[in-house]
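Here is how the chains run, residue by residue.
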Amino acid sequence: MPTECSADLFGFAPVEGHKVVAGFDGGTITSNAGALLLGQLDRGLGLIQRFASCFTDRRDPRLVEHRLETLIGQRVFGLALGYEDLNDHDELRKDPVFAVLAGKLTPSLRSDCEAVAGKSTLNRLEHTPKRHGAKYHKIDCANQEVDALFVDLFLEAHEKAPSEIVLDLDATDIPLHGRQEGRFFHGYYDNYCYLPLYVFCGTHVLLSRMRRSNIDGSAGALEEIVRIVRQLRARWPHVRIILRADSGFARETLMTWCEMNRVDYVFGLARNERLEEILSDSMVEATRECVATGKAARVFKDFRYRTLDSWSADRRVIGKAEHTLQGPNPRFVVTSIRPGKMAARPLYEELYCARGEAENRIGEQFELFADRTSSATMAANQLRLYFSAMAYTLIDALRRLALKHTQLAKAAAQTIRLKLFKLGAQVKISVRRIHFAIASGCPNQVEFAMAHLYLRRAFASSG
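Residues numbered from 1 in each chain as written. Predicted model: local features only at pLDDT ≥ 70, side-chain atom pairs only at ≥ 80, totals over all residues. Heavy atoms only, no water.

**Comments concerning the overall build of the chain**
Note the threshold: Only DSSP runs of H or I reaching four residues or more are called helices, and only runs of E reaching two or more are called strands; each is numbered from the N terminus. Under the scheme applied here, a residue whose accessible area is under 20% of the maximum for its type counts as buried, over 50% as exposed, and between as partly exposed, the area being computed with a 1.4 Å probe on protein chains only. Only heavy atoms enter the contact rule, under which two residues are in contact if any of them lie within 4.5 Å. For the area figures, the Shrake-Rupley method with a 1.4 Å probe applies, and any residue is considered shielded solely by the protein chains shown.
Tallying secondary structure elements over the chain gives 17 helices and 19 strands in all. With respect to the principal axes defined by its C-alpha atoms, the chain has extents near 80 × 65 × 50 Å. Looking at the chain residue by residue over its 463 residues, the buried ones come to 48%. At a minimum sequence separation of 6, the contacts of the chain that also span at least 24 residues come to 66%. Here the chain displays about 23400 Å² of accessible surface, and carbon together with sulfur accounts for 50% of that area.

What follows is the structure, encoded as structure tokens:
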């Protein structure tokens, strides 16, 4: 810990006869005291340890000051707490919260460093230097193992197999502002970007895949879904799986595979003249209703449809003939779900439209700096995507296990960070204990206390 020293006081305007002074003499203080809850959660789940097991560490253990698990934990906890850059860790290595999370208060081998790592050591975790790379880069990530871990964590979050799950596929853009590997201009997003692919199930992230942007939005989706479905059915052989995505994923190969492998799908379908002609009668009906009532009107049409040359069979398509006060708004979806299982209106309004939640989950990835892809290589940027997804997984587990009966039960990651993690505390270290004296006026004391209680109950058997 840094040496405590007195400093001159700074004077400010008096208030009601009281002098107002400030000084850097408060002793050891942290603004991250709420992260102790993350540490308690991680010890129960073993998430950081399992994540670290997906890496290969070729460093000489006799010379290692900072264990691999410590380095990975620093990055994941740092992102959860709002520290997006490696540079931040040059100061964070002095923060007692990070030392406690690492389970290490003092350096093991060297007297000239802190208990946890600084930016240079963490930089070697993520990057391969161009010159003498093998000399400095001795830690590698096995992407396949990380991918499998996300699915395992999803499976373990359920006490029993659900009868049905919906997997949301979505692609998004991450703007690039340098000359990173895999940099291409994307006409739709009108910038140079990456085009990562995500798969969610509810609030769980099952895939976080970095991709170049000079590809079709669905590129690689079939291979990822094949892998994920195989892993899910190995544990849950009878679960019904539904894929849900926008029109960018309505591709023949993906739909055909689903139809041959007991996987249902509901995908958006780009409109064209043929589809609009089929829906024309329903559009007239919706327009009349809108004019008569002065309110938006919807009429649904359920029909079979086949493209001229890209589909191998006709498929069920649902057309939404909608007319709003702003004008016509026709939309279409294609699905493998039979009419007898779900009628057109609920399938569109209740099942398909719920895919908007996947966009909220992507937004949370960005709250955890998944879009901070400033590294030179695709491999390093993929690792940063993993770190953000793992930080999200940790926070989502906290919501599910510890915040379920609080006002933060459905709060976004950034809200939980501000209200529960960023707590100021004075740190008092004695021979027997480390006391984090959190500010008495903390407005979220009840949420903190309940989270601590629920975590103790959840992991009571694990000690």
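Past the structure itself, the notes keep going.
**Notes on unusual backbone geometry**
A positive phi angle, close to 60 degrees, is found at aspartate 190, a residue other than glycine. Mapped onto the elements, aspartate 190 comes out in the loop between strand 8 (184-186) and strand 9 (191-194). When its relative accessible area of 57% is taken as the criterion, aspartate 190 is described as exposed. At phenylalanine 369, a residue that is not glycine, the phi angle is positive and equals roughly 70 degrees.

**Some points on the sheet that holds strand 18 (residues 425-429)**
Here is the rule we go by: Here, any two strands with at least 2 DSSP bridges between them count as paired.
Strands sit in the order 3-18-19 across an open sheet of three strands; the sheet is antiparallel. A single partner strand is all that each edge strand has here, and the edge strands are strand 3 (29-30) and strand 19 (434-438). Bridging between strand 3 and strand 18 involves two bridges; their strand directions are antiparallel. Its bridge partner lying in strand 18, isoleucine 29 is registered against glutamine 426.

**Topic: the pattern of salt bridges**
The condition that has to hold: Each salt bridge in this description consists of a side-chain nitrogen of Lys or Arg and a carboxyl oxygen of Asp or Glu lying within 4 Å of one another.
In this structure the tally under the stated criterion is 36 salt bridges. A salt bridge links arginine 271 to glutamate 276, with the shortest nitrogen-to-oxygen separation between them at 3.7 Å. For arginine 271, a relative accessible area of 46% corresponds to the partly exposed category. Glutamate 276 sits in the partly exposed class, given a relative accessible area of 34%.

**Some remarks on the sheet that holds strand 8**
The antiparallel open sheet is built from three strands, whose spatial order is 7-9-8. Strands at the two margins of the open sheet, each flanked by one partner only, are strand 7 (174-175) and strand 8. As judged from the two bridges shared by strand 7 and strand 9, these two strands associate in the antiparallel manner. Residue proline 175 lies in a different strand from strand 9, and its bridge partner there is cysteine 193.

**Section: the confidence of the model for the chain**
Put simply, the rule is: Residue-level confidence of the predictor, termed pLDDT, takes values from 0 up to 100.
The predicted model of the chain averages 92 in pLDDT, with 96% of residues at 70 or higher. A low-confidence stretch, residues 1-6 (pLDDT under 50), is modelled with 11 contacts involving residues beyond four sequence positions or located in other chains.

**A look at the packing of aromatic side chains**
This is how it is decided: Ring pairs are drawn from Phe, Tyr and Trp, using the six-membered ring of Trp, whenever the two centres fall within 6.5 Å, and their geometry is named by plane angle: stacked under 30 degrees, edge-to-face over 60, tilted for the rest. Ring-over charges, as used throughout, are those where CZ of Arg or NZ of Lys falls within 6 Å of the ring centre and within 35 degrees of the ring normal.
Here the structure, examined in full by the defined rule, presents 12 aromatic pairs. Ring centres 5.6 Å apart and planes at 70 degrees place the aromatic pair phenylalanine 154 and tryptophan 236 in the edge-to-face group. With phenylalanine 154 in helix 8 (residues 143-156) and tryptophan 236 in the loop between helix 9 (221-235) and strand 12 (240-245), the pair connects residues that are 82 residues apart, well separated along the chain. Here the two residues phenylalanine 154 and tryptophan 236 agree in accessibility, since each one is buried. On the basis of an interplanar angle of 55 degrees and a centroid distance of 5.7 Å, the ring pair of phenylalanine 300 and tyrosine 348 is categorised as tilted. Residue phenylalanine 300 is found in strand 14 (residues 297-305), and its partner tyrosine 348 is found in helix 13 (residues 344-352); the two are separated by 48 residues along the sequence. Residues phenylalanine 300 and tyrosine 348 agree in their burial class; the two are buried. Through successive ring pairs, a cluster of aromatic residues spans Phe51, Phe55 and Phe387. Its end group placed over the ring of tyrosine 192, arginine 183 keeps NZ or CZ at 3.7 Å from the ring centre.

**Some details on the packing of helix 3 (residues 68-80) against helix 15 (residues 378-402)**
Test applied: Axis definition: a line fitted to C-alpha atoms, over the contacting stretch in the case of helices. Angles run 0 to 180 degrees between N-to-C directions. Just so you know how the angles are binned, under 35 degrees is roughly parallel, over 145 roughly antiparallel, 65 to 115 roughly perpendicular, and the rest oblique. Definitions for this section: a left-handed crossing has its near helix turned counterclockwise from the far helix by less than a right angle. A right-handed crossing has that turn clockwise. All residues other than Ala, Val, Leu, Ile, Met, Phe, Trp, Tyr, Cys, Pro, Asp, Glu, Lys and Arg, Gly among them, are scored as polar; the first ten of these are nonpolar and the last four charged.
Interhelical geometry of helix 3 versus helix 15 gives an angle of 65 degrees and a closest axis separation of 8 Å. On the basis of their axis angle, the class for helix 3 and helix 15 is roughly perpendicular. Judged by the sense of rotation from one axis to the other, the crossing of helix 3 with helix 15 is right-handed. When helix 3 is examined against helix 15, the residues Ile72, Arg75, Val76, Phe77, Leu79 and Ala80 are found in contact with a partner set consisting of Arg384, Phe387, Ser388, Met390, Ala391, Leu394 and Ile395. Looking at side-chain class alone, the contact of helix 3 with helix 15 contains 10 nonpolar, one polar and two charged residues.

**Some points on a nonpolar patch on the surface**
Applicable threshold: Every patch collects residues that have over 30% relative accessible area and no salt bridge, joining them within 9 Å if they carry like charges and within 5 Å if they are nonpolar side chains (Val, Leu, Ile, Met, Phe, Trp, Tyr).
On the surface, Phe10, Phe12 and Phe24 cluster together into a nonpolar patch covering about 390 Å² of accessible area. Phenylalanine 24 gets classed as exposed once you look at its relative accessible area, which sits at 68%.

**Section: the side chain of glutamine 382**
Within the secondary structure layout, glutamine 382 lies in helix 15. Residues in contact with glutamine 382, not counting those within four places in the same chain, are Asn143, Ser208, Arg209 and Met210.

**Structural notes on the nonpolar core**
Convention followed: Within this scheme, the nonpolar core is defined by two criteria: the residues are buried Ala, Val, Leu, Ile, Met, Phe, Trp, Tyr or Cys, and they are joined through side-chain atoms within 4.5 Å.
Core analysis: the largest hydrophobic core is formed by 78 residues, its most contacted members being Phe51, Phe55, Ile72, Val76, Leu398 and Leu420. Among the elements that take part in this core, helix 15 stands out by supplying 14 residues, more than any other. In this structure leucine 398 touches Leu38, Leu41, Leu403, Ile416, Leu420, Phe421 and Leu455, once residues within four positions along its chain are discounted. Counting residues in each nonpolar core, the second largest holds 45 residues, with Leu169, Ile241, Val317 and Ala321 among its members.

**Some points on helix 12 (residues 280-293)**
Note on helix geometry: an α-helix contains 3.6 residues per turn, so any two residues three or four positions apart are oriented the same way. Our working definition: Here a helix's expected span is defined as the number of its residues, less one, multiplied by 1.5 Å. Starting at the helix axis, one direction is taken to each C-beta atom, and the arc is that of these directions.
For helix 12, spanning 14 residues, the distance from its first C-alpha to its last is 20 Å, which sits close to the expected 20 Å at 1.5 Å a residue. Of the residues making up helix 12, those classed as buried are Ser282, Met283, Ala286 and Cys290. All buried residues of helix 12 project into a common sector of 100 degrees when viewed along the axis, lining one side. Seen from the open side of helix 12, the exposed residues pointing more than 90 degrees away from its buried face are Asp281, Arg288, Val291 and Ala292. On its buried face, helix 12 is in contact with strand 14, strand 15 (315-324) and strand 16 (327-328). Two residues or fewer past helix 12, glycine 294 is found with a positive phi of approximately 75 degrees.

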